[in-house]
Amino acid sequence: MAGYLKVCIVAEGCYPYVVGGVSSWIHSLINSFPETEFILLTIVANRSFRGKFVYDLPENLIEVHELYLEDEDWCDNRKKKSLKLKEKEYNAIRSLVLNQKIDWETLFEFFRRPNLSLNELLMGPDFFHIVMDCYNLKYNQVVFSDFLWTMRSIYLPLFHTLLMDVPKADLYHCVATGYAGVLGSMAHYFHGSRLLISEHGIYTREREEELIKAKWVKGIYKNIWIEQFRKMSRLAYDTADLVTSLYEHARELQIELGCPQNKTIVTPNGINIEGFDRLAPKQAEDEEFINIGAVLRVTPIKDVKTMIQAFAYAKSRQPRLKLWVMGPYDEDKEYAQECFDLVEAMQVKDIVFTGRINVKDYLGRMDMTILTSISEGQPLTILESYAAHKPVIATDVGNCRGLIYGEEDDFGEAGILTHIMNIEEISYAILELANNSERRMRMGENGYRRLMQRYKLSDMKKTYNRIYTDFEDRMMGGWEEYE
């Protein structure tokens, strides 16, 4: 890269506050281009996250801006008059709430009003009448007061996003659609910035899955929230110059959700393989065990409870098994405690929660790794397992099927795929690998060859070097079209 391009990475709920997954990907990407200046615009729930970074930020990350979706209304209401919407502004907000050919440009301009108070907007008569129209047209089967307050809570985080004064950069690289995509679309409108979207999981589908299972929202309100995420993602897809995904099926889902096909390309993940050839082998105290490594954050989406139960079942049939849960357990302390309590209640021996670790200190000691997630993109932990020549047991989510069985090679199986939350299948897979060392070794080598062919960090760097260079060429007057 010539280095003329200033890139703003836009992330939601990950970097630099949590380790692993998308956060690791962002950190690797920034470090891969030391001559390029990066800005980070990161989206979190509230100010309790302010500055609580778990990464040492790279030197070429020159600015960090935080957006708080649950922020207070920081305007001084004593100096404000009653908020009055112009007809065009009223119609734009109405188009948003009713999801009728949304006038995003007018919305972008409206939220640039000096000292705009979200409290006055959401509690004002104009928003009330807009919500009343929506209620009468679509949702009059529920209590209006509940509907009104729910609509205020739905639109508050989006309005905070629209209030954000986005920093200027040549390229906005959003690592999701959703609120990140809205920020990128605003930058495109106000600064003429190019917009690149790289989805690891399909944001809209992930939010749908969460909302369907959520207990805090019920009935029609699930559908309204889902519609909210869909309209934000459509804005991002429509505005973006290029949209990447990690594997072909994810690209197909993006197109299904409204992304123009000619904007989409597949860009697989990649990991830094340096040091994986020097992993510490099994130690003397490990020899009596068949070690299973689970590199993950102890959170509900990783479904650690199912893993524990499946391990317990397998352990009762193969006493040499030992499970290492390797990763932080302070992100969702309540869920982590439930996992600890489950281990104690089931009286399962040989389960170790290590907390945050350097994965290279442990992977060499493992005989296999396991991932029981209910949602994934293209897990870096599987690629790291392959770098260590270890087979993987994984649920059939995201691109786990492609990583285990192969998509563009004939190397063979590199592990065993199971259905989500299926204790019997997962425990059987554990026993299958535990009791067949030759199969474990063969699968581990298959995974290593698959990694080396397609999933190295150097491969990913080449891909994004090309993308960034093409954006830079466009900024300078040229452009290379993607096929």
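Only a predicted model underlies this, so the values are computations on that prediction, with no experimental measurement involved.

### Some thoughts on the overall build of the chain
Thought 1: Helix and strand content of the chain: 17 helices and 13 strands.
Thought 2: The C-alpha atoms of the chain give a radius of gyration of 24 Å, which matches the 23 Å a tight globule of 483 residues would have.
Thought 3: Referenced to the eigenvectors of the C-alpha coordinate spread, the extents of the chain come out at roughly 75 × 55 × 40 Å.
Thought 4: Of the contacts formed within the chain by residues at least 6 apart in sequence, a portion of 72% connects residues at least 24 apart.
Thought 5: Accessible surface computed for the chain: about 21,700 Å², of which carbon and sulfur atoms make up 48%.

### With respect to the pairing of strand β13 (residues 415–418)
On a regular strand, one side chain projects to one face of the sheet and the next to the other, so that they alternate.
Thought 1: With four bridges connecting them, strand β12 (residues 392–395) and β13 associate as parallel partners. Its bridge partner being in β13, Val392 is matched across the sheet by Gly415.
Thought 2: Crossover connection from β12 via helix α14 (residues 400–405) to parallel β13: handedness right-handed.

### Some thoughts on the layout of surface pockets
Thought 1: Counted as a void, the second largest pocket has a volume near 320 Å³.
Thought 2: Lining the second largest pocket are 16 residues, with Glu209, Ser375, Glu376, Val397 and Gly398 sitting closest to its centre.
Thought 3: Contributing elements (two or more residues each) for the lining of the second largest pocket: α8 (203–213) and α10 (248–256).
Thought 4: Looking at which element gives the most residues to the lining of the second largest pocket, the answer is α8, with four residues.
Thought 5: A per-class count over the lining of the second largest pocket returns six nonpolar, four polar and six charged.

### Let's talk about the sheet that holds strand β7 (residues 264–266)
Thought 1: Spatially, β3-β2-β1-β4-β5-β6-β7 is the arrangement adopted by the seven strands of the open sheet, whose pairing is parallel. A single partner strand is all that each edge strand has here, and the edge strands are β3 (61–68) and β7. Across this sheet, the average inter-strand angle for adjacent strands is 20°, counted without regard to direction.
Thought 2: Bridge analysis of strand β6 (residues 242–245) against β7 gives three bridges, and the strand direction is parallel. Along β7, the bridge assignment pairs Ser245 with Val266.

### Topic: the sheet that holds strand β10 (residues 351–355)
Thought 1: If you trace the six strands from one edge of the open sheet to the other, you get β10-β9-β8-β11-β12-β13, paired in parallel fashion. The sheet is open, and its two borders are formed by β10 and β13, each paired with just one other strand. Pairwise comparison of adjacent strand axes, ignoring direction, gives a mean angle of 20° for this sheet.
Thought 2: Where strand β8 (residues 290–295) lies against strand β9 (residues 321–326), six bridges are found, and the strand directions are parallel. Along β9, the bridge assignment pairs Ala294 with Val325.

### A closer look at the packing of aromatic side chains
Thought 1: If you walk through the whole model with that rule in mind, you get 28 aromatic pairs.
Thought 2: For the pair Phe110 and Phe111, a centre-to-centre distance of 5.0 Å together with 80° between the ring planes defines the contact as edge-to-face. Neither Phe110 nor Phe111 differs from the other in exposure class; each is buried.
Thought 3: Arranged with centres 6.2 Å apart and planes meeting at 85°, the rings of Tyr179 and Phe229 form a pair that is edge-to-face. Taken together, the positions of Tyr179 in helix α7 (residues 178–191) and Phe229 in helix α9 (residues 220–239) put the pair 50 residues apart, joining distant regions of the chain.
Thought 4: On the basis of relative accessible area, Tyr179 is assigned to the buried category, the value being 4%.
Thought 5: Residue Phe229 is classed as buried on the basis of its relative accessible area of 8%.
Thought 6: A cation over an aromatic ring shows up here: Arg207 above the ring of Tyr203, its NZ or CZ 4.6 Å from the ring centre.
Thought 7: For the cation-ring pair, Lys322 lies above Phe289, with the distance from its terminal atom to the ring centre recorded as 4.7 Å.

### A closer look at the environment of Tyr468
Thought 1: Residue position: Tyr468 is located in helix α17 (residues 457–475).
Thought 2: Using a relative accessible area of 0% as the deciding quantity, one classes Tyr468 as buried.
Thought 3: With 458 residues separating them in the primary sequence, Tyr468 and Val10 have C-alpha atoms 15 Å apart.

### Focus: the nonpolar core
Thought 1: By size, the foremost hydrophobic cluster in this structure holds 76 residues, and its most contacted members are Phe147, Tyr155 and Phe159.
Thought 2: Among the elements that make up this core, the one with the highest residue count is α9 (10 residues).
Thought 3: In this structure Phe159 touches Leu96, Phe111, Leu118, Leu121, Leu122 and Phe127, once residues within four positions along its chain are discounted.
Thought 4: Among the nonpolar cores identified, the runner-up in size contains 34 residues, and Leu296, Leu323, Leu433 and Met443 belong to it.

### Notes on the pattern of salt bridges
Thought 1: Inspection of every chain in the model, using the stated rule, returns 28 salt bridges.
Thought 2: Residue Lys302 is joined to Glu376 by a salt bridge in which the shortest nitrogen-to-oxygen separation is 2.6 Å. With Lys302 in the loop between β8 and α11 (304–315) and Glu376 in the loop between β11 (368–371) and α13 (380–387), this residue pair connects regions lying 74 residues apart in the sequence. Taken as a pair, Lys302 and Glu376 share a single burial class, namely buried.
Thought 3: Between Arg450 and Asp409 there is a salt bridge, and its shortest N-O distance comes to 2.9 Å. With Arg450 in helix α16 (residues 437–454) and Asp409 in the loop between α14 and β13, this residue pair connects regions lying 41 residues apart in the sequence. Grouping residues by exposure puts Arg450 and Asp409 together as buried.

### Brief notes about the packing of helix α2 (residues 87–98) against helix α5 (residues 125–138)
Thought 1: Put simply, α2 and α5 touch, their axes get as near as 10 Å, and they point 35° apart. As for how α2 packs across α5, the hand of that crossing is right-handed. Across the interface between the two elements, Tyr90, Ile93, Arg94, Val97 and Leu98 from α2 touch Asp126, Phe127, His129, Ile130, Asp133, Cys134, Leu137 and Lys138 from α5.

Cut-off values and rules
Residues numbered from 1 in each chain as written. Predicted model: local features only at pLDDT ≥ 70, side-chain atom pairs only at ≥ 80, totals over all residues. Heavy atoms only, no water. Helix = DSSP H or I, 4+ residues; strand = E, 2+ residues; numbered from the N terminus. Rg over C-alpha atoms; globule rule 2.2 N^0.38 Å. Contact = heavy atoms within 4.5 Å. Areas by Shrake-Rupley, 256 points an atom, 1.4 Å probe, with all protein chains shown as cover. Pairing = 2+ DSSP bridges. Right-handed = clockwise from strand over helix to strand, strands pointing away. 1 Å grid on protein atoms, 1.4 Å probe; cavity = no way out; pocket = protein on both sides within 12 Å on 5 of 7 lines; lining within 4 Å. Points joined across faces, edges and corners; volume = space filled by probe spheres on them. Nonpolar A, V, L, I, M, F, W, Y, C, P; charged D, E, K, R; others polar. Axes fitted to C-alpha atoms, helices over the stretch in contact; angles between N-to-C directions. Phe/Tyr/Trp six-rings, centres within 6.5 Å; stacked < 30°, edge-to-face > 60°. Buried < 20%, exposed > 50% of the residue type's maximum accessible area, 1.4 Å probe, protein only. Lys NZ or Arg CZ within 6 Å of the ring centre and 35° of its normal. Core = buried A, V, L, I, M, F, W, Y, C linked by side-chain atoms within 4.5 Å. Salt bridge = Lys/Arg side-chain N within 4 Å of Asp/Glu carboxyl O. Left-handed = near helix turned anticlockwise from the far one by under 90°.

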